[in-house]
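Report on the structure
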Amino acid sequence: MIAARGIVKRFGDFTALDGVSVDVPTGSLTALLGPSGSGKSTLLRVIAGLEQPDEGKVSLDGEDATRLPPQSRGVGFVFQHYAAFKHMTVWDNVAFGLTIRRRPSREIKQRVTELLELVQLVGLAKRYPAQLSGGQRQRMGLARALAVDPKVLLLDEPFGALDARVRKELRVWLRRLHDETHTTTVIVTHDQEEAMDVADRVVVMNAGRIEQAAPPRELYDHPANEFVMSFVGPVNRLGDTFIRPHDVELLLEPNGSTQEAMVQRLVHLGFEVRVELVRDDGETLSAQLTREQVEALELQGGQIVYVRPTRQTVFSD
Amino acid sequence: MIAKYALRFVSLGYLAVLLVAPIGFVFWQTFEHGVGPAWDTVATPDALHALKVTLILTAIAVPANTIFGVLCALAIVRHRYPGAGIVNAVVDLPLALSPVVVGLALLVLYGRGGWLGGHGIVFALPGMVLATIFVSLPFVVREVVPVLREIGTEQEQVAATLGASAFQTFRRVTWPAIRWATLYGVVLTTARALGEFGAVSVVSGRLAGQTESLTLYVQDRYQSFDNTGAYAAAVLLALLALATLLLMTRLKPNEGVQ
């Protein structure tokens, strides 16, 4: 288990981490989710030993690791921009950690072959990083990190530099990889969909603090505060009330608990349709419907409808 | 179309008039009466000694400035500490200062009555070595610093998490990335060390056959109205510099895989 306690990290006047405590259970896949500048990458680097905290403690499997150099922490680290060793082949990149540890060449050969199979790069072993696509480079980065059997795998926005389609593929692939290897993994991302998709637990960070740590479903259904509510999914804010677009019901006739609104625009997103509405008091909101629902209501731009939230959230603070 | 040819004409013309013509003229003057007379003047004891002095100066200054230059570049780029900016600026000092000023400064410091005044530094080989190191110091640093900045620190950090010590990281990750920049810096350092005149002139005392480097010898011959001797030594200097450049072109990798 990774345990961080009261981590404070300042860069000059900027406080990147403001007393952060978090647990990552052994074998879990945990996401650190937050906007840029929220401190999520800094926390990951503190766990890796690439950054020294000004206050607080980090322990790995019960041992205090706060002052350990990265070399002796047994962590694998993957960077957003791959950090490939440009002058080495794919094979040598993956073998790096084992070569440094002076493992027998038979063992290195066997292990690297296994890993290249795992990341589907067998045919590309002799290529240089510059000859690979972004997705291939990142899979090489993962294999390189896994080669030394790390206790913990730390991924810093690993798919952030890839295009949307490859990002989704790799996300699924990473989840499968984790289910096979059960390596304790922490992934940093600013993409809530990626975090919810891949992780068992999501830690939402903002301005150097943790807002909430929970499984994806709980995070979505019971957000601790406004920030989490609006960060983990689209949300309509009407005064103090927050309503998810899929919790907005549209009716053609008023029924007492409804409010009148006009359809401004229909945005077709395949199976789903986003209906952009403006209420008579000028407030705008959006509703998420299926295509069938939209067709049944025969919705059109400029049409008057009656809006009723089926579920809404109010935060007391 | 016209603009393209005009650009070529201007650039080639500029190079021809200002670079190629003077050097070509020196070559022509040297070999005007064939290779024999030129060879005879270069084979004199004083000329050979001057060549030896120049090679010694270069052989000390270049390795010293290469090792220091790489370390200094690492200190400038990879470490955040108060005064890093000052180090960065001071490295450029030899480029900004006239070599004569450098020579005088060394005289004041190490000469008779100087703060560190001692025996055998000024008007001797050690002083000339110091002067040569001083003027040829910035080149390796200036070549390596931008490359270090460009490659960033992530590769080095990954190496650390994979268990590599600082030295292993340097040898296996950082050095392969900066070695061609270093080599280019070495070539520039060598060229500067071979050709240094001003600073060496001030601290050497210019004793023919003792503290005369090849550049000083050229001027000495010229002032003694021995034009053939001056030209021949000048050609020798030029050939040394050309050989350095050619060596670098040969060593440079085919950058296919980068």
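The structure contained in this document is the topic of the report that follows. (Residues numbered from 1 in each chain as written. Chains lettered and ligands numbered in written order. Predicted model: local features only at pLDDT ≥ 70, side-chain atom pairs only at ≥ 80, totals over all residues. Heavy atoms only, no water.)

Now for the interface of chain A and chain B. In this complex, chain A contributes 25 residues to the contact, which on the side of chain B involves 18 residues. Of the roughly 2000 Å² buried between chain A and chain B on both sides combined, carbon and sulfur atoms contribute 64%. Where chain A meets chain B, there are four residue pairs in polar contact (both at pLDDT 80 or more). Elements represented by at least two residues in the side of chain A that touches chain B include exactly strand 6 (75-78), helix 2 (90-100) and helix 4 (134-146) of chain A. (Contact = heavy atoms within 4.5 Å. Buried area = accessible area lost by both parts, 1.4 Å probe. Polar contact = N/O pair within 3.5 Å; in protein donor to acceptor, adjacent residues only side chain to side chain. Helix = DSSP H or I, 4+ residues; strand = E, 2+ residues; numbered from the N terminus.)

Below, the discussion takes up the side chain of Thr-169 of chain B. Within the secondary structure, Thr-169 of chain B is located in helix 10 (residues 166-195). Ignoring any residue separated from it by four or fewer positions in sequence, one finds Thr-169 of chain B in contact with Glu-156, Ala-159, Ala-160, Ala-164 and Thr-174 of chain B.

Residues and elements named next belong to chain A. Across the sheet, four strands lie side by side as 2-1-4-5; this open sheet has antiparallel pairing. A single partner strand is all that each edge strand has here, and the edge strands are strand 2 (14-24) and strand 5 (63-64). Bridge count for strand 4 (residues 55-60) against strand 5 is two bridges, and the pairing is antiparallel. Paired with Leu-60 across the strands is Glu-63, a residue of strand 5. Seen against the sheet, helix 1 (residues 40-48) touches strand 1 (2-11), strand 2 and strand 4 and runs at an angle of roughly 65° to strand 2. (Pairing = 2+ DSSP bridges. Axes fitted to C-alpha atoms, helices over the stretch in contact; angles between N-to-C directions.)

The next thing to look at is the environment of Ala-164 of chain B. Locating Ala-164 of chain B in the fold gives a position in the loop between helix 9 (154-161) and helix 10. Overall, Ala-164 of chain B belongs to the buried group, its relative accessible area being 0%. In this view, Ala-164 of chain B contacts Gln-71, Phe-96 and Ile-100 of chain A together with Ala-159 and Thr-169 of chain B; residues no more than four positions away in its chain are not counted. (Buried < 20%, exposed > 50% of the residue type's maximum accessible area, 1.4 Å probe, protein only.)

Residue and element names in this part refer to chain A. Tallied over the full model, the rule gives 26 salt bridges over all chains. Residue Asp-191 pairs with Arg-171 through a salt bridge whose shortest N-O separation is 3.8 Å. Residue Asp-191 is found in the loop between strand 8 (184-189) and helix 6 (192-198), and its partner Arg-171 is found in helix 5 (residues 164-181); the two are separated by 20 residues along the sequence. On the basis of relative accessible area, Arg-171 is assigned to the buried category, the value being 3%. (Salt bridge = Lys/Arg side-chain N within 4 Å of Asp/Glu carboxyl O.)

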